[in-house]
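# Structural description and commentary
The lines below spell out each chain.
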Amino acid sequence: MPRQARLMLAGQAYHVIQRGVNKGAIFIDDIDRQLFLHLLHSAFLKHHVALHAYVLMGNHIHLLATPSTQQGLAGAMRMQGNNYVQAFNQRHGRSGPLWQGRFHSSMIDSDAYLLSVYRYIERNPVRAGIAMSAEDHPWSSVHGNLQRRNDPMLTLHPAFKALAGTARQRTTLYAEFLRDVNASADLPAIRNHSARQRPMGDAAFLRMVEQTLGRPVAIRKRGRPRKEGTGEAETT
């Protein structure tokens, strides 16, 4: 069965997920994590991809990124992935693949959902039960986005900048947003669109994407279409 073509547009934000093969570990220690981030930064610079948020977990990663060219994200992830696997295998005396197939990517409507994906990514350690708060996890963009430390990897997305006119105000508002008790309301939609690699946005955003790409992009209901006027599932 042929691979599904990626939905890639320049200048659009993407939620990226990449998992270890068979749910295996992709980091053994902090040296691996530092190497991964170094290679990611180099690859994104070369392929002109802006990184807005990230989190490194034990067997997978989440990224929020905007490529400036249609093929930039794929090129950057390929470069980073290949270089990291080679270094990881050499360092730990292993061979074979490390990643569970291709990375998953879901285009995000910046106006409607982008900040929710920021929060989804940076709260991942909290949902996984390995941190009490997003700020407790050291391998995350939350420290840069809350201005707790300088993170040269990060580029603020315009929607993030629009939170407030000053950096101090923006940090205060985003910290409150991270702690919002209603944060879980966005989880099902984010997970569904990420798993099926479909754009996440309102109807106008999806129409724009469909017109640009010349093909349907909205998530369809599962199951066979019903025959018109019969209420029965078609059995072609």
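Let me begin by describing the structure that accompanies this report. Values in this document were obtained by computation on a predicted structure and should not be read as measured data.

Rules used in this analysis
- Residues numbered from 1 in each chain as written.
- Predicted model: local features only at pLDDT ≥ 70, side-chain atom pairs only at ≥ 80, totals over all residues.
- Heavy atoms only, no water.
- Axes fitted to C-alpha atoms, helices over the stretch in contact; angles between N-to-C directions.
- Helix = DSSP H or I, 4+ residues; strand = E, 2+ residues; numbered from the N terminus.
- Parallel < 35°, antiparallel > 145°, perpendicular 65-115°, else oblique.
- Left-handed = near helix turned anticlockwise from the far one by under 90°.
- Contact = heavy atoms within 4.5 Å.
- Nonpolar A, V, L, I, M, F, W, Y, C, P; charged D, E, K, R; others polar.
- Polar contact = N/O pair within 3.5 Å; in protein donor to acceptor, adjacent residues only side chain to side chain.
- Buried < 20%, exposed > 50% of the residue type's maximum accessible area, 1.4 Å probe, protein only.
- Pairing = 2+ DSSP bridges.

The next point concerns the packing of helix H3 (residues 114–122) against helix H7 (residues 167–178). Two elements in contact, H3 and H7, have axes whose closest approach is 10 Å; the angle formed by their N-to-C orientations is 65°. On the basis of their axis angle, the class for H3 and H7 is roughly perpendicular. As H3 runs across H7, the sense of the crossing is right-handed. When H3 is examined against H7, the residues Leu115, Ser116, Tyr118, Arg119 and Glu122 are found in contact with a partner set consisting of Tyr174, Phe177 and Leu178. Considering only residue class, the contact of H3 with H7 consists of five nonpolar, one polar and two charged.

The next subject is the side chain of His60. As for its placement among the helices and strands, His60 is situated in strand E3 (residues 60–67). A polar atom in the side chain of His60 sits 2.9 Å from the side chain of Asn59. Setting aside anything within four residues of it in sequence, one finds His60 in contact with Gln18, Arg19, Ile26, Val55 and Asn124.

Right, let's get into the pairing of strand E4 (residues 104–108). A regular strand places its side chains on the two faces of the sheet in alternate fashion. Here E4 lies mainly inside the structure; four of its five residues are buried. With five bridges joining them, strand E1 (residues 13–19) and E4 adopt antiparallel strand pairing. Looking at E4, one finds that His15 is bridged to Ser106.

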